[in-house]
Amino acid sequence: MAFNLRQWRWVLGAFAMLALFSLFRDDQGFTRTPPVVRRELRSVSGRDNTYNQMLSKTDNQVVLNNGLVQLTFSYPGGDVIGIKYKGIDNLLEIKNQPSNRGYWDLVWNKPGGKDSVDKLQGTRFKVVTATADQIEISFTKTYSPSLGNDTVPLNVDKRYIMQRGRSGFYAYAIFERLEGWPEVDMDQIRIVYKLQQDKFRYMAISDDRKRVMPTAEDRANGEPLAYPEAVLLTNPSNPEFRGEVDDKYQYSSEDKDNNVHGWICEDPAVGFWIITPSDEFRTAGPFKQDLTSHVGPTALSMFVSTHYAGKEVGMSFEDGEAWKKVFGPVFIYLNSAPSSNESLTLWENAKEQLVEEVQRWPYNFTQSEDFLSSDQRGSVAGQLLVRDRYRNKRLIWASSAYVGLAAPGNAGSWQKESKGYQFWTQANKQGYFLIKDVRPGNYSLYATVPGFIGDYKYEANITIEPGSEIKLADLTYEPPRNGPTLWEIGIPDRSAAEFNIPDPSPTLMNQLYANNHTDKFRQYGLWERYSDLYPNHDLIYTVGTDNYRDDWFFAHVTRNTGNQTYEPTTWQIQFQHNKGANPGNYTLQLALASATNAEVQVRVNDWSANPPHFTTGLIGKDNAIARHGIHGLYWLFSVGLPSDRLQEGKNTIYLAQSRHKTTFDGVMYDYLRLEGPPQ
């Protein structure tokens, strides 16, 4: 029987759909197209019967190929074991085992137990959707209480999306706990890509943080320093690196700035980039710092970690606690240039691609019902003002404030919140802000304002519903303040960057930061310079004479006395004071940018007072001093000083950092202010 053209198209389409059904039947036992596939197929006009030819499968591999990029996954584990692009058979390190090339992993423990690493290997595979222009695949790992405590109580659905005409792929995952599952702590979730070190030698994180990098072999041949991540390169393959320090924490970034980073191969000129268009799924707010790329060559997508904060920002689930969250999508972008002479243009192109991905966020092509498109989300807008009558009798614009929605809590609680989503924006010069594309839910509205201490929280919780556009009345933040400023040290910006950051030891340099003052704090070993600069006595700062940029050391650390022993240090603030006729109380505002196993004790005009007039108690585990972070978690203490503690004329405030087990015990100050009695 003869068929006309339309009939032939119908027959071919039917065979294509049967092939699609067989994929589902083989891997999931489906006998019909899943609803998400039917929905996607209906959405592609004129292609309802065209099967996507981007996927092929063998007994142990799944391959996606859109004509630009070819991806190979382990089956059913779901590791990315091969990326073929622009004539390079595999961008990933072929010397590594397949399971050590491109993978998700999770660090977890039973409360009180030792950490375990789960590589989140899938046990089932399925095609989620397949059209002529897009394919989305899934590798799932399912927990059963019958497995006991030897595996993390978590369901994981790893998703990958490839689109026709796009040079790269998207990766995201849905993590879920069901009611009744056992308690667990989860401290790190990430994606890792390990590239061919013979090809990828140039790393780029930002416009002023990019360079040719040493190799993993250079590190292996180097001299370990104070902790395993830091190595002195003693016999590198490139003599220019000899005498440099390599430490992956030197390449960390705040999450608000950690949106594109990666590596460049010069021959052929190819770039590999991780693009993160949104921070909503990351933890602990916009200032949380984390790893990016580092020697390997390794590129990371960090979702959850305790870096620069400590266990307080890990996820701790109680027995029976249910939870669900989508991490990602992130875009793995590949680009190329005509010749090695133009390889640095790949970084500029990656930044342009970031702009495009941000404009497309939230994506409307993901097939998980747990990832919500823009029309399923809401927004909040308003203006934030500051009332500080000792600065200005009028309200002040909260210029450049960071304003965000996070889980309900106390003011500042967002910096330790890890289970939910957070949505942040930066207000304009007049304090106007718009937080858009917020997932439905109940939130508190928080803010932090440069130039003012403390944290703002809106008095009422905010409920976001699909399509809601909430416009708040003018909001007013009244930062902590009890009286007029008598003197101040530093800038209230949650960072110690404005203080004296010393030159590193000439034998412990990283040349990337040799002429980069903004990132000078990223040099290794700066904490040791305190003993060099103050060999015979501790820091003494004279108000009105000294300048905090030159005379206030950036970190209040212990003194190294040799033989791995350390002693506490006590700093002095000396100032002249005229008590006047007002007998009221004074206030020392003490803002800390970081704390690690520290205790700051405050004494006034009596260095030996016991007990001290005030103590913070033991605080902090952010380890930001060792990891070149310039800040970790923010702390604010308002210390009351009765008028009889101060005397006419010369006064001294003693700040003792009394804990001294290690060289890293200490604090970084953000800002100090002595306020007079209220007027």
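The structure this text deals with has already been given above.
Counting from 1, residues in each chain are numbered in the order their sequence is written. Predicted model: local features are reported for residues with pLDDT of at least 70 only, side-chain atom pairs are reported and counted for 80 or more only, and whole-chain, interface and lining totals are derived from all residues. Hydrogens are left out, water is left out, and the side-chain values use all remaining heavy atoms of the structure.

Draft legend 1. Local environment of the overall build of the chain. Runs of E in the DSSP output that reach at least two residues are strands. Runs of H or I that reach at least four are helices, and both are numbered from the N terminus. For the chain, the count of helices and strands is 6 helices and 47 strands. A principal-axis box enclosing the C-alpha atoms of the chain has dimensions of 110 × 60 × 50 Å. The 679 residues of the chain split such that 58% are buried. Throughout, a residue-residue contact means that at least one pair of heavy atoms, one from each residue, lies within 4.5 Å. Sequence separation of 24 or more characterises 71% of the internal contacts of the chain that already satisfy a separation of 6 or more. Accessible surface is estimated by sampling points in the Shrake-Rupley manner with a 1.4 Å probe; for residues, cover comes only from the protein chains shown. On the chain, roughly 28500 Å² of surface is accessible, and the fraction owed to carbon and sulfur atoms is 46%. In this charge count, Lys and Arg are treated as positive and Asp and Glu as negative; neither His nor the chain ends contribute. For this purpose, a charge sits on NZ of Lys, CZ of Arg, CG of Asp or CD of Glu. Each charge class in the chain can be summarised by its mean position, and for the 71 positive and 80 negative side chains these summaries are 4 Å apart. A 1.4 Å probe rolled over the protein chains alone gives each residue an accessible area, and that area as a share of the maximum for its type sets the label: buried under 20%, exposed over 50%, partly exposed in between.

Draft legend 2. Focus on the pairing of strand S8 (residues 134-141). With respect to burial, S8 is a largely interior element, 8 of its 8 residues being buried. Taking every second residue as pointing to the same face, both faces of S8 are buried, with Gln-134, Glu-136, Ser-138 and Thr-140 on one and Ile-135, Ile-137, Phe-139 and Lys-141 on the other. Pairing between strands is defined by DSSP: at least two bridges between them are needed. Where strand S7 (residues 124-130) meets S8, 6 bridges bridge the pair, whose relative direction is antiparallel. Bridge pairing in S8 places Val-127 opposite Ile-137. Counting the residues in the hairpin turn of S7 and S8 gives 3 residues.

Draft legend 3. Geometry of the pairing of strand S30 (residues 441-448). Counting buried positions over the 8 residues of S30 gives 6, a clear majority of the element. Inspection of the sheet shows S30 paired to strand S32 (residues 462-464) by 3 bridges, in the antiparallel sense. Paired with Asn-442 across the bridge in S32 is Thr-463. Across 2 bridges, S30 lies against strand S31 (residues 456-457) in antiparallel orientation. Bridging from a neighbouring strand, Ala-447 pairs with Tyr-456 of S31.

Draft legend 4. Representation of the pattern of salt bridges. Any Lys or Arg side-chain nitrogen found within 4 Å of a carboxyl oxygen on Asp or Glu counts as a salt bridge. One pass over the full model with this rule turns up 32 salt bridges. Here Arg-211 and Glu-244 are joined by a salt bridge, their closest N and O atoms 3.1 Å apart. Remark: Glu-244 occurs in the loop between strand S15 (230-232) and strand S16 (245-247) and Arg-211 occurs in strand S13 (residues 209-212); sequence separation between them is 33 residues. Here Glu-478 ties to Arg-387 by a salt bridge, and the two come within 3.0 Å at their closest N and O atoms.

Draft legend 5. Just the packing of aromatic side chains, in detail. Note on aromatic contacts: the rings of Phe and Tyr and the six-membered ring of Trp form a pair at centre separations within 6.5 Å, being stacked when their planes are under 30 degrees apart, edge-to-face when over 60 apart, and tilted otherwise. Applying the stated criterion to the full structure yields 48 aromatic pairs. In our convention, an over-ring charge means Lys NZ or Arg CZ found within 6 Å of a ring centre and within 35 degrees of that ring's normal. Just above the ring of Tyr-75 sits the side chain of Lys-57; from NZ or CZ to the centre is 4.2 Å.

Draft legend 6. Here's a closer look at the sheet that holds strand S42 (residues 600-604). Pairing is mixed across the open sheet formed by 5 strands, whose spatial order is S36-S40-S46-S42-S43. Edge positions in the sheet fall to strand S36 (540-542) and strand S43 (614-615), since each has one partner strand and no second.

Draft legend 7. Structural view of the side chain of Arg-673. Take Arg-673: it is sitting in strand S47 (residues 666-675). On the basis of relative accessible area, Arg-673 is assigned to the buried category, the value being 6%. Pairs of N or O atoms within 3.5 Å make up the polar contacts considered here, provided that, within protein, one atom can donate a hydrogen while the other can accept it, and that residues adjacent in sequence are counted only when both atoms are side-chain atoms. A polar contact is formed between the side chain of Arg-673 and the backbone oxygen of Pro-480, at a distance of 3.2 Å. At 3.3 Å, the side chain of Arg-673 forms a polar contact with the side chain of Tyr-671. Setting aside residues up to four positions removed in sequence, Arg-673 forms contacts with Ile-453, Pro-480, Arg-481, Thr-485, Trp-487, Glu-488, Thr-587, Leu-588 and Gln-589.

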